[in-house]
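# Residue-level structural notes
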Amino acid sequence: MEQRELPGLLVNEVGGVLGVLEAYVDFLKKYFHLITMKKFLKNKNHLSKKVQAIYVWWQKPIIDRELLESLPNLKVIANSGVGIDHLDLKLISSFGVKMANAPNAVSSSTADTGMALLLASAKRLVEGCQIAVSPNTEYFAADWMGDEVTGATLGIIGMGRIGYKIARRAKAFEMKILYHNRNRRTEEEERAVGATYCTKIEDLLQQSDFVMLVVSLTPQTCKLIGKRELEWMKPTATLINISRGPVVDQNALVEALQNGVIKAAALDVTYPEPLPRDHPLLKLKNILITPHLGVKTDKATRMITEEAVANILAALNGLSIPNEVFP
Amino acid sequence: MEEQELPYVLIATIGGIDGVLEDHVEFLKKHFNLITMKQFHEHKSHLSEKIKAIYMWWNKPVANQELLSSLPNLKVIATGGAGVDHLDLKLISSFGVKVANTPFAVSNATADMGMALMLASARRIVEGCQIAVSPNTEYFAADWMGDEVTGATLGIIGMGRIGYKVAQRAKAFEMKILYHNRSQRKEEEEQAVGAIYCKNIDDLLLQSDFVMLCVNLTPQTEKLIGKKELEMMKPTATLINISRGLVVDQDALVEALQNGVIKAAALDVTYPEPLPRNHPLLTLKNIIITPHVGGSTTKSCRLMMENMVESILATLNGLPIPNEVNPPK
């Protein structure tokens, strides 16, 4: 009897510093015939019809018209993570291909990252570590202060899954929570985390000690935080970005930080990533930048891959896709 | 009518690296005649009988036999912070002098610091910052991972005010919380934070992904965490210390970190502070050390100062003393 072939899954690469993790290969090979871009390009004639799904890992492979045209049997593209700003949803849809992301897997670790950055910034943790180990340190100065987190006001911009998890965590620090979102949450949801809705973003910005950006990147949220918004913020406030670099007008941010318009910033995301090595943001003293580590835990990345596989298998079996993304 | 003089209160110094904060001086001078140690030494015969209280900031001035003997009218020592391990309580009590600390003022800021250290260590924030700004960075590696905090097990050793506040915060991260304490907390208190009592410290050490030290330093808690305890911890676990350096056997810790007996440590406190610049802890890759900043926020320092003023005034007015520290039996 003819053995049923596993569906072809295209990935950019496996292993190394940028590829799909080696640790997942056995898992993926249980369900798919794993094809790397390198293999595909070498063997296009033979492999192009076999590819039924693509797993986009850290935004690669790039899904363009050329690729889509060369995969006549492509049914679904699954993205590693929740952000899909790097994908042309209309284009993908025009080829009759379904799109899925992994919103559940990312939410806890990204919320944890937001809190980690808020606390690290408020407590001047990175500076403190440098002082603790510096060869020049002779004493610890008594007038070296951090900012209080307990009881401070946190303004969450974007109250989706991740934003809401941040609110839960911040509530335990007795923070006063304001939020701004396309839609208001239900009264129960608000009450559960003690969050107050701000219809106008400026109300949130004017009152917050910490402003956390947790939106998706869309044409509406691109440069959501610019010169005007930074000026609305308190001069003692800190901006934390765990969404996408382009949500913030980076040039305006550089100026605001240089001139003390806001006190500090903590960015897990920038545009581009990494920043060019001569970028002014890298020279500032009142900024923390981390290398887009929002979901970088073994647990979260494994869950992301599992979520992607579940979505792909649903699509290939003609079932409804748990995390389908529509254009 | 004779104007009543403000009470004379001895302090170490104003400003500088460990003096009373400049921002606090105005408020203090509303209530007290502040005398610095320098002034005291210069005018001892005149001042020694006038001083009724010591306002101790960052453990100074030191309340030793010599100082106590030279202050016949000393009624109270108010010390900033929760710890009293720097005071010889027996000696002070033998002079009939009361002691007050500020256990409440620092508890939020210190609990926040415990959480900050746990998250920074787990998610490799300090390393990450270095990568983000390093001139050599060309890309961000996809296989660079930290540890998940949500859902992990936190073992809190010392469930006093600060330990309990840590538990409240950790609960929101869906952490499983174990605790070890001299005495078990009430059931409602345990339930409110989902904390499980481990009568035996070993049980806590064996199961925890993160172990946080929130005890006072006493003869019983000195070197509470030594070679044996570190070996009981999981090799994937992280030790976080926001209590006092001496609670941990530092030599044992160095060895444990060097040999992968535990994964990492995050210390806001060491012994001494700062560590000597050639100390092995400073060379390890799997450690973060911060300069004892747990309680140091503008807000908590102000609150500490106000508490200390209140304790001094209450003592001098013959009222019950807030935050009085009882002498050892």
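Residues numbered from 1 in each chain as written. Chains lettered and ligands numbered in written order. Predicted model: local features only at pLDDT ≥ 70, side-chain atom pairs only at ≥ 80, totals over all residues. Heavy atoms only, no water.

## A short note on the overall build of chain A
Note the cut-off: Helix and strand definitions follow DSSP, with helices as H or I runs of at least four residues and strands as E runs of at least two, each counted in order from the N terminus. Restricting the calculation to C-alpha atoms gives the radius of gyration, and the globule rule supplies 2.2 Å times the number of residues raised to the power 0.38. Charged residues are defined here as Lys and Arg on the positive side and Asp and Glu on the negative side; His and the ends of the chain fall outside this count. The atom standing in for a charge is NZ when the residue is Lys, CZ when it is Arg, CG when it is Asp and CD when it is Glu.
The secondary structure content of chain A amounts to 13 helices and 12 strands. Taken over C-alpha atoms, the radius of gyration comes to 22 Å for chain A, in line with the 20 Å a tight globule of 327 residues would show. In terms of overall dimensions, chain A has C-alpha extents of about 80 × 50 × 30 Å along its principal axes. Treating the 39 positive side-chain charges of chain A as one cloud and the 35 negative ones as another, the clouds have centres 5 Å apart.

## Regarding the overall build of chain B
Quick note on the threshold: A simple rule labels every residue: compare its accessible area, found with a 1.4 Å probe on the protein chains alone, to the largest value its type can have, and call it buried under 20%, exposed over 50%, or partly exposed in between. Working rule for contacts: check all heavy atoms of both residues, and any pair within 4.5 Å makes them a contact.
A tally of regular secondary structure across chain B gives 13 helices and 12 strands. Relative to its length of 329 residues, chain B is compact, with a C-alpha radius of gyration of 22 Å against a globular reference of 20 Å. Its C-alpha atoms give chain B principal-axis dimensions of about 80 × 50 × 35 Å. Every one of the 329 residues in chain B was classed for burial, and the buried ones make up 58%. Intrachain contacts of chain B at a sequence separation of at least 6 include 64% that bridge at least 24 residues.

## Some points on the sheet that holds strand β8 (residues 195-197) of chain A
Residues and elements named next belong to chain A. To be explicit about the condition: What makes two strands pair is DSSP finding at least two bridges between them. Between N-to-C directions, angles span 0 to 180 degrees; the directions come from axes that are lines fitted to C-alpha atoms, helices contributing only their stretch in contact.
The strand order across the open sheet built from seven strands is β8-β7-β6-β9-β10-β11-β12, with neighbouring strands paired in parallel fashion. Both outer strands of the open sheet, β8 and β12 (287-289), are each paired with one neighbouring strand and no more. Between one strand axis and the next, the sheet turns by 15° as a mean value, whatever way the strands run. Bridge count for strand β10 (residues 238-241) against strand β11 (residues 264-267) is four bridges, and the pairing is parallel. From the neighbouring strand, Asn-241 faces β11, where its bridge partner is Leu-267. Across the face of the sheet, helix α8 (residues 161-172) comes into contact with β6 (153-157), β7 (176-180) and β9 (210-213) while running at roughly 170° to β6.

## Observations regarding the side chain of Thr301(A)
On the secondary structure map, Thr301(A) appears in helix α13 (residues 298-316). For Thr301(A), the residues in contact, after removing those within four places along its chain, are Leu21(A), Tyr24(A), Trp57(A), Val295(A), Lys296(A) and Met145(B).

## Regarding the side chain of Ser70(B)
Residues and elements named next belong to chain B. Threshold: Counting of polar contacts relies on pairs of N or O atoms within 3.5 Å, with two restrictions inside protein: one atom must be capable of donating a hydrogen and the other of accepting it, and residues adjacent in sequence are counted only when both atoms are side-chain atoms.
Along the chain, the position of Ser-70 falls in the loop between α4 (65-69) and β4 (76-79). A residue is classified by how much of its surface remains accessible, and Ser-70, at 16% relative accessible area, is buried. Within polar-contact distance, the side chain of Ser-70 engages the backbone oxygen of Leu-67 at 2.7 Å.

## A short note on the packing of aromatic side chains
Residue and element names in this part refer to chain A. Formally: Two aromatic rings, drawn from Phe, Tyr or Trp (for Trp, its six-membered ring), form a pair once their centres lie within 6.5 Å of each other, and the interplanar angle then sorts them: stacked below 30 degrees, edge-to-face above 60, tilted otherwise. We call a charge positioned above a ring when the Lys NZ or Arg CZ atom is no farther than 6 Å from the ring centre and deviates by at most 35 degrees from the ring normal.
Considering all chains together, one arrives at seven aromatic pairs over all chains under this definition. Geometrically, the ring pair formed by Tyr-31 and Phe-32 is tilted, given 6.3 Å between the ring centres and 55° between the ring planes. By relative accessible area, Tyr-31 is classed as partly exposed at 30%. Positioned above the aromatic ring of Trp-144, the side-chain terminus of Arg-124 is 4.0 Å from the ring centre.

## So, helix α7 (residues 125-133) of chain A
The α-helix advances 3.6 residues per turn, and as a result positions three or four apart in sequence lie on the same side. Stated formally: Arc definition: directions from the helix axis to the C-beta atoms.
Along α7(A), the residues that are buried comprise Leu125(A), Val126(A), Gly128(A), Cys129(A) and Ala132(A). Along the axis of α7(A), the buried residues cluster in a sector spanning 160°; they form a single face.

## Focus: the interface of chain B and chain A
Let me state the cut-off plainly: Computed with a 1.4 Å rolling probe, the buried area is the accessible surface lost when two parts are put together, summed over both parts. For this document, the term salt bridge refers to a Lys or Arg side-chain nitrogen within 4 Å of an Asp or Glu carboxyl oxygen. Only Asp, Glu, Lys and Arg are considered charged in this grouping, and only Ala, Val, Leu, Ile, Met, Phe, Trp, Tyr, Cys and Pro are considered nonpolar; every other residue, Gly among them, is considered polar.
If you look at the interface, chain B gives 64 residues, while chain A gives 64 residues. Together chain B and chain A conceal approximately 5,400 Å² of surface at their shared face, both sides included; 66% is due to carbon and sulfur atoms. In this assembly, chain B and chain A are joined by zero salt bridges. In this structure, the connection of chain B to chain A is made through 20 residue pairs in polar contact (both at pLDDT 80 or more). For the side of chain B that touches chain A, the secondary structure elements donating two or more residues are α6 (107-122), α7 (125-133), α8 (161-171), β12 (287-289) and α13 (298-316) of chain B. Looking at the side of chain B that touches chain A, the element that brings in the most residues is α6(B), giving nine residues. Residue composition of the side of chain B that touches chain A, grouped by class: 34 nonpolar, 16 polar and 14 charged.

## Examining the nonpolar core
Going by this rule: In these notes, a set of buried Ala, Val, Leu, Ile, Met, Phe, Trp, Tyr and Cys residues joined through side-chain atoms within 4.5 Å is what counts as a nonpolar core.
Leu125(A), Ile166(A) and Val166(B) are the most contacted members of the largest nonpolar core, which totals 106 residues. In terms of residue count, helix α6 (residues 103-122) of chain A provides more of this core than any other element does, 10 residues in total. If sequence neighbours within four positions are ignored, Val166(B) has contacts with Ala111(B), Met115(B), Leu154(B), Ile156(B), Met212(B), Cys214(B) and Ile242(B). One finds Ile262(B), Leu284(B), Ile287(B) and Ile289(B) within the second-largest nonpolar core, a separate group that totals 33 residues.

## Details of the confidence of the model for chain B
Put simply, the rule reads: How sure the predictor is of each residue is captured by pLDDT, a score from 0 to 100.
Averaged over chain B, the pLDDT score is 95; the fraction of residues at 70 or greater is 99%. In the predicted assembly, ipTM is 0.94 and pTM is 0.94.

## Describing the sheet that holds strand β9 (residues 210-213) of chain B
Whenever strands of a sheet pair, they do so through backbone hydrogen bonds, lying parallel or antiparallel. Residue and element names in this part refer to chain B. With respect to topology, seven strands assemble into an open sheet ordered β8-β7-β6-β9-β10-β11-β12, the strand pairing being parallel. In the strand order of this sheet, the two ends are held by β8 (195-197) and β12, each with one partner. Averaged over all pairs of adjacent strands, the angle between strand axes in this sheet comes to 15°, irrespective of strand direction. Sheet strands in contact with helix α12 (residues 250-258) are β10 (238-241), β11 (264-267) and β12, and its direction is about 140° off that of β11.

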